[in-house]
Amino acid sequence: MIITLTANPSLDRTVDLGAPLNPGGVHRFTADRLQPGGKGVNVALGVQRAGLHVLAVLPAAAADPLLPLLAAEGLPHRASPMAGRVRTNLTVLSSPDVTTKLNEPGAPLSAQEASALETALLDAVSAGDDVMLSGSLAPGLPADAYVRLVRAVREKGAWVGVDTSDAPLAAIAAALASAAPDFLKPNAEELGQILGLPGEQLEADAERGELDGVRDAALALHARGVGAVLVTLGGAGGVLATDGGAWYSPSAPVEVVSTVGAGDSATAGYLIGRALGEDPPARLARALAYGTAAVGLPGTTIPRPDQVRPDPGAVRRL
Ligand SMILES: O=P(O)(O)OC[C@@]1(O)O[C@H](CO)[C@@H](O)[C@@H]1O
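Residues numbered from 1 in each chain as written. Predicted model: local features only at pLDDT ≥ 70, side-chain atom pairs only at ≥ 80, totals over all residues. Heavy atoms only, no water.

The name recorded for the protein chain in an unreviewed UniProt entry is 1-phosphofructokinase family hexose kinase, from Brachybacterium equifaecis.

In structure tokens:
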């Protein structure tokens, strides 16, 4: 089974201004959509739509409006108790093609709620499962929460991946010697955070076809114990470093509708490829195709397999 943890889930509200964003002005929405969100929820939706056995674990009160949205999606989930409400993250679409994301910090978890979340996850995990720890940590969770969970999940004989940023990512990077995850999915900015390099530079280099920096960084993380490193580079494609070397795939051209959830869709594609027993280049192609498909869909919409066109022929060794 594939299990995702969303330590700070969200209701994703996407509003379209149909006009340029004018700070200080009054805007009226031309469209408004509410979807379940949070990185682990998004990954789980992608995996579930591919017909794989999945469970999304997250904190949410029994009456939280997020839970009926998950049920409506048919997503198997387990919610640990929480007194506060799940945050609402706002995506503002304005012309020409600008996406502005306003994320709430999330309601704080008490020590008891934090421990209930950890228990809900670990009770669900069995040997042989794939576990994905995704997104920011709700306030109240310590920055090294994922480090501890990587160790605990491993002890249960499961595979574990992480996709996070800022302080929780720094904690993972600092603990690689003793708690390297099996999979890490940084974007260019997060790779930069790990290496102390400007992420925009890595992405700009990749856009010019200069991939040495990203390749070397991803291979260095692999050498430090991370089983596979998938670096997503937006429109510039992605790099996978794992046993056997590093590969690059460009992204197929797509009309950008919403980039929200594209990275999570790429993670879902990678997990699906893993479950299908694909080799690394094929997994990279599937991951990138999922990310590209997500970019062409509105709001936080995670693609179905029939919307995804992997192109293993476009993958090359670096
Ligand atoms: O604040 P975090 O946890 O880093 O990110 C949360 C979030 O922006 O990530 C998802 C897209 O990746 C959205 O569904 C959600 O709103």
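After that view, the rundown keeps rolling.
Here we come to the site of the ligand. Not every one of the 16 residues close to the ligand is listed here, only the nearest: Asp 12, Lys 39, Lys 101, Ser 136 and Asp 264. Asn 42 is positioned with one of its side-chain polar atoms (N or O) 3.0 Å from an oxygen atom of the ligand. Contact distances for the ligand include 2.9 Å between an oxygen atom and a side-chain N or O atom of Asn 89. Surface burial for the ligand is 89%, taken as the share of its 400 Å² of free accessible area covered by protein chains. Per-class residue counts for the shell around the ligand are 1 nonpolar, 10 polar and 5 charged. (Near = heavy atom within 4 Å. Polar contact = N/O pair within 3.5 Å; in protein donor to acceptor, adjacent residues only side chain to side chain. Areas by Shrake-Rupley, 256 points an atom, 1.4 Å probe, with all protein chains shown as cover. Nonpolar A, V, L, I, M, F, W, Y, C, P; charged D, E, K, R; others polar.)

Along its 16 residues, helix α11 (residues 280-295) runs 23 Å from first to last C-alpha, staying within 8% of the 22 Å computed at 1.5 Å per residue. For α11, a buried count of 15 out of 16 residues is recorded, marking the element as mostly surrounded by other parts of the structure. Here α11 starts with a cap whose side-chain oxygen sits 3.1 Å from the backbone nitrogen of Ala 282, and that cap is Asp 279. (Helix = DSSP H or I, 4+ residues; strand = E, 2+ residues; numbered from the N terminus. Expected span 1.5 Å × (residues − 1). Buried < 20%, exposed > 50% of the residue type's maximum accessible area, 1.4 Å probe, protein only.)

With that settled, the discussion passes to the side chain of Glu 190. Among the structural elements, Glu 190 can be located in helix α7 (residues 188-195). Among buried charged residues, Glu 190 stands out as having no salt bridge; its nearest opposite-charge side chain is Lys 185, 4.8 Å away. With residues near it in sequence (within four places) discarded, Glu 190 still touches Asp 163, Thr 164, Ser 165, Leu 169 and Lys 185. (Lys, Arg positive; Asp, Glu negative; His and termini not counted. Salt bridge = Lys/Arg side-chain N within 4 Å of Asp/Glu carboxyl O. Contact = heavy atoms within 4.5 Å.)

Our next topic: the sheet that holds strand β7 (residues 98-102). Note on sheets: strands pair through backbone hydrogen bonds, and any given pair is parallel or antiparallel. In spatial order, the strands read β3-β2-β6-β7; together these 4 strands make up an open sheet with mixed pairing. Only two strands of the sheet have a single partner each, and these edge strands are β3 (31-37) and β7. Strand-to-strand, the axes of this sheet are offset by a mean angle of 20 degrees, without reference to chain direction. Bridge count between strand β6 (residues 87-94) and β7: 5 bridges; the pairing is antiparallel. The partner of Val 92 across the bridge, within β7, is Thr 100. (Pairing = 2+ DSSP bridges. Axes fitted to C-alpha atoms, helices over the stretch in contact; angles between N-to-C directions.)

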